[in-house]
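Geometric and topological summary
So the chains spell out like this:
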Amino acid sequence: MTSVHKSASPEPYPPLVHETPALEAAVTALIDRVFGPGRFAKSSERLREGNTLLADCSFVSLRGGAPVGCVRMWPVTIGGEPVAFLGPLAVDPDERSAGLGQALVEAACEAARAAGWRAVLLVGDGPYFGRVGFTNAHTAGVVMPGPVDQRRVLLLPLREGGDLGLSGPVAVDPQA
């Protein structure tokens with residue numbers, strides 16, 4: 001595992017590493033613990049089922065070898081245009097309030113930018129994700145696969161105009 005977070009001073013949370021197949025079961029257990037079985041009813045879950053994880057844009061924070069935080073990214077399309085889909089973001093309750101969630105989101109979005117994605121889509125809390133630059137300013141025409149509060153559909157452009165002109169149904173990217 002390669003650490004992607006390096007600092008001369010100790011951080012309030014463990015370093016971030018890319019998610020690997022060896023971590024999948026432990027990461028899934030963390031997500032289940034944080035969200036419970038209700039997560040399977042969310043429309044966002046339809047975009048993860050049968051999809052391929054963007055491992056180069058997905059991160060885990062390990063303490064004592066066990067995941068205490070994770071963020072995953074998935075390839076989707078909006079009206080046929082490819083974008084990265086962020087979620088779930090899960091942080092163990094004992095690790096919250098130290099900035100780990102925001103660090104995970106920032107690492108995933110920077111990795112998506114480096115990989116050439118035009119934008120990142122997510123469904124989440126506007127004030128929380130707004131700190132990283134997500135907004136619903138250009139999501140009125142974005143149609144999730146199932147019921148969703150449209151105010152929670154957020155985009156982060158990763159290049160100039162990366163969030164413009166995105167409209168239509170959100171689906172698993174058939175190229176993935």
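In this report, we go over the structure that sits alongside the text. What you see is a predicted model, and the numbers here were worked out from it, not measured in a lab.

1. Some points on helix α3 (residues 100–114)
- Compared with an ideal rise of 1.5 Å per residue, which puts 15 residues at 21 Å, α3 spans 21 Å between its outermost C-alpha atoms and is within 8% of the ideal.
- By the burial criterion, the buried members of α3 are Leu 100, Gly 101, Ala 103, Leu 104, Val 105, Ala 107, Ala 108, Cys 109, Ala 111 and Ala 112.
- Positive backbone phi, approximately 95 degrees, marks Gly 116, located one or two places after α3.

2. Quick notes on unusual backbone geometry
- In this structure, the amide linkage connecting Gly 87 to the following residue, Pro 88, adopts the cis form with an omega of 0 degrees.
- By the secondary structure assignment, Pro 88 is in strand β4 (residues 81–91).

3. Describing the pattern of salt bridges
- Enumeration over the complete set of coordinates arrives at eight salt bridges.
- Between Glu 19 and Arg 72 there is a salt bridge, and its shortest N-O distance comes to 2.8 Å. You can see Glu 19 sitting in the loop between β1 (16–18) and α1 (24–35) and its partner Arg 72 sitting in strand β3 (residues 66–78), a full 53 residues away along the chain. For the pair Glu 19 and Arg 72, one class covers both residues: buried.
- Notably, a salt bridge pairs Arg 151 with Asp 149, separated by 2.8 Å at the nearest N-O pair.
- For Arg 151, a relative accessible area of 61% translates into the label exposed.

4. Structural notes on α1
- Compared with an ideal rise of 1.5 Å per residue, which puts 12 residues at 16 Å, α1 spans 16 Å between its outermost C-alpha atoms and is within 8% of the ideal.
- Turning to α1, its buried residues number three or more, namely Val 27, Leu 30 and Ile 31. For α1, the angular spread of buried residues about the axis comes to 95 degrees, placing them on one side. Residues of α1 that are exposed and point over 90 degrees away from its buried face: Ala 25 and Arg 33.
- Buried residues in α1 make contact with β2 (59–63), β3 and β4.
- Directly beyond the C-terminal end of α1, a positive phi value near 75 degrees is found at Gly 36.

5. Some points on the side chain of Ser 61
- Among the structural elements, Ser 61 can be located in strand β2.
- Here Ser 61 falls in the buried class, since its relative accessible area comes to 0%.
- Within the structure, Ser 61 has its side chain in polar contact with the backbone oxygen of Pro 14 (distance 3.0 Å).
- Contact partners of Ser 61, with chain neighbours within four places excluded, come to Pro 14, Pro 15, Leu 16, Ala 66, Pro 67, Val 68, Gly 69, Leu 100 and Leu 104.

Reading the values: the criteria
Residues numbered from 1 in each chain as written. Predicted model: local features only at pLDDT ≥ 70, side-chain atom pairs only at ≥ 80, totals over all residues. Heavy atoms only, no water. Helix = DSSP H or I, 4+ residues; strand = E, 2+ residues; numbered from the N terminus. Expected span 1.5 Å × (residues − 1). Buried < 20%, exposed > 50% of the residue type's maximum accessible area, 1.4 Å probe, protein only. Salt bridge = Lys/Arg side-chain N within 4 Å of Asp/Glu carboxyl O. Arc of directions from axis to C-beta. Contact = heavy atoms within 4.5 Å. Polar contact = N/O pair within 3.5 Å; in protein donor to acceptor, adjacent residues only side chain to side chain.

Shape is all these values report; function is a separate question.
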